[in-house]
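Chain residues, written in single-letter form:
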Amino acid sequence: MKVLSIVGARPQFVKLAPIAEAFTATSHSHVIVHTGQHYDAKMSDVFFADLRIPAPDVHLGIGSGSHGVQAGSMLAALDGVLDEHRPDWVLVYGDTNSTLAGALAAVKLHLPLAHLEAGLRSFNRAMPEEHNRVLTDHAADLLLTPTQLGMDNLAREGLAERAVRVGDVMTDVCFRVRDAVRNEPPALPDGVRAGDYIVSTVHRAENTDDPDRLRAIIEALAGLDRPVVLLAHPRLVARCHEFGIKLERPDSSLHTAEPLPYPGMVAAVLHSAGVVTDSGGLQKEAYLLGRPCTTVRTETEWVETLEGGWNVLAEPDGLAAAVRRPAPTHPQGAPYGDGQAATHVVDVLTR
Ligand code: UD1
């Protein structure tokens, strides 16, 4: 069997790592295509190096652009690549523009398409990720979903027959890396002590593209009563610069730093007092690593994390109260699988 994975953005490299590893234990051929959606070394190369992912077989070098330009350029470039490789499966990941372009390219060439992390829904049609995941699910032949809720969402949309619950590949990689970094101290800005800080990321379009909302979020983070290590995504830096919002505030709780590689991020969360984010992956990592999370969004696809108060949704004006809430005591369940999702994915594709 030949499987061709299409990835392009940071969270997809994390999901690719356990899949690539599972393939190395088989005689199947696994081709990796990188669209180039994320191109900074800190957003791409370090993930391949740290997570020991084989170098991409093909790099399209597309880069940033408006949604139409970015996805359209990928689509145009993928035709020739898919035609050359003619895989048994095209495998796309998550909900980015690289996912959608890969899905469209595969179905137009009548190549079987599998979607990893299928069935997630925010039900917020203003989010670019929601269009990407709904369209990809409806185009795909095989829907590999992480959770029971994913199965239920797909069934409601008439897609149950194509859906298989495999667990969440992010559990595989998160637990593997947690065990490797458990005793390593996190790299923290000066003046920040292990156990007494909040790890934060903010990058979603709905939070970064509206100047008033972005300013309110940054002010709320700067006003928290313990140090906040804000790992700034390039999109956040670009928008703050454009809107005149200062990220360097030496007299506040805010410590802005560059994005961390994956093992560094796991170590930072493990040694933190909690997380404030709008990232899907980080909400789940906080849950898997047993740290309370506050999510700066009005909804989440990962509703299992809300149970027992491990994760709460907050608007900027409610952020401080949400972060101060008592630590959750209810034990987390295991809604995201057994850490063997990638092996299940390879088995299902083979069958
Ligand atoms: C994309 C995904 C989002 C995912 C996120 C993870 C879409 C629609 N969104 O959002 O679902 O959660 O990746 O990070 O696909 N930039 C750089 N260097 C890079 C990459 C981006 O400077 O390596 C800057 C550019 O200014 C670019 C902006 O970040 O315009 C946004 O990048 P883009 O890939 O369009 O989307 P993300 O915000 O990263």
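Our subject is the structure that appears above.
Being a predicted model, the structure only gives us computed values, none of them experimental.

Participant: Report on the overall build of the protein chain, specifying residues and quantitative values.
Facilitator: Across its full length, the protein chain carries 14 helices and 13 strands. Its C-alpha atoms give the protein chain a radius of gyration of 20 Å, near enough to 20 Å, the size a compact globule of 351 residues would have. If one aligns the C-alpha atoms of the protein chain with their principal axes, the spans along those axes are about 55 × 45 × 40 Å. The long-range fraction of contacts in the protein chain, counting pairs at least 24 apart against all pairs at least 6 apart in sequence, stands at 69%. Surface exposure of the protein chain reaches about 14200 Å², of which carbon and sulfur atoms provide 53%. Here the protein chain carries 31 positive and 44 negative side-chain charges, and the mean point of each set is 2 Å from the other.

Participant: Describe the pattern of salt bridges, listing the residues and the values that go with them.
Facilitator: For the structure on display, the rule yields 24 salt bridges. In this structure, Asp196 and Arg226 form a salt bridge, with 3.1 Å as the shortest nitrogen-oxygen distance. Of the two residues, Asp196 is situated in the loop between helix 7 (169-181) and strand 8 (198-201) and Arg226 in the loop between helix 9 (211-222) and strand 9 (228-231); the sequence distance between them amounts to 30 residues. Classification of Asp196 by relative accessible area gives partly exposed; the value is 22%. Between Arg235 and Asp209 there is a salt bridge, with the nearest N and O atoms lying 3.0 Å from each other. Here the residue Arg235 occupies a position in helix 10 (residues 234-243), and Asp209 occupies one in the loop between helix 8 (205-208) and helix 9, the gap between them amounting to 26 residues. With relative accessibility at 36%, the residue Asp209 sits in the partly exposed group. Linked by salt bridges that have partners in common, Asp95, Glu130, Arg133, Glu206, Arg297, Glu299 and Glu301 make up one network.

Participant: Describe the packing of aromatic side chains, with residues and values.
Facilitator: Applying the stated rule across the entire model yields 3 aromatic pairs. Consider the rings of Phe13 and Phe48, whose centres lie 5.1 Å apart with planes at 55°: the pair is tilted. Taken as a pair, Phe13 in helix 1 (residues 10-24) and Phe48 in helix 2 (residues 45-50) lie far apart in primary sequence, 35 residues in all. Note on Trp302 and Tyr336: the rings are 5.6 Å apart at their centroids and 75° apart in plane angle, and the pair reads as edge-to-face. In this pair, Trp302 sits in the loop between strand 12 (293-295) and strand 13 (311-313) while Tyr336 sits in the loop between helix 13 (319-324) and helix 14 (341-350), placing the two residues 34 residues apart along the sequence. An identical accessibility class is assigned to Trp302 and Tyr336; each is buried. Taken together through their ring pairs, the aromatic side chains of Tyr287, Trp302 and Tyr336 make up a single cluster. Above the plane of the ring of Trp302 lies Lys284, whose end atom (NZ or CZ) is 3.6 Å from the centre.

Participant: Provide a residue-level description of the environment of Asp179, including the pertinent values.
Facilitator: Structurally, Asp179 can be placed in helix 7. The partly exposed category is assigned to Asp179, whose relative accessible area is 46%.

Conventions used here
The residue numbering used here restarts from 1 in each chain and proceeds along that chain's sequence as written. With pLDDT at 70 or above as the cut-off, local features in this predicted model cover only qualifying residues; side-chain atom pairs require 80 or more to be listed or tallied, and sums for whole chains, interfaces and linings still use all residues. Values shown for side chains rest on all heavy atoms present in the structure; no hydrogens or waters enter the calculation. The numbering of helices and of strands both runs from the N terminus, where a helix is a DSSP run of H or I of at least 4 residues and a strand a run of E of at least 2. Computation of the radius of gyration draws on C-alpha atoms, with the globule rule given as 2.2 Å multiplied by the number of residues to the power 0.38. Residues are treated as being in contact if the distance between any of their heavy atoms lies within 4.5 Å. For the area figures, the Shrake-Rupley method with a 1.4 Å probe applies, and any residue is considered shielded solely by the protein chains shown. Here the positive residues are Lys and Arg and the negative ones are Asp and Glu; neither His nor the chain ends is included. To locate a charge, take atom NZ for lysine, CZ for arginine, CG for aspartate or CD for glutamate. We define a salt bridge as a side-chain nitrogen of Lys or Arg found within 4 Å of a carboxyl oxygen belonging to Asp or Glu. Relative accessibility decides the category of a residue: with a 1.4 Å probe and only protein chains considered, values under 20% of the type maximum give buried, values over 50% give exposed, and everything between is partly exposed. Here is the rule: rings of Phe, Tyr and Trp (six-membered ring for Trp) pair when centre to centre is within 6.5 Å. Planes less than 30 degrees apart are stacked, more than 60 are edge-to-face, and the remainder are tilted. Our definition puts a charge over a ring when NZ of Lys or CZ of Arg is within 6 Å of the ring centre and also within 35 degrees of the ring normal.

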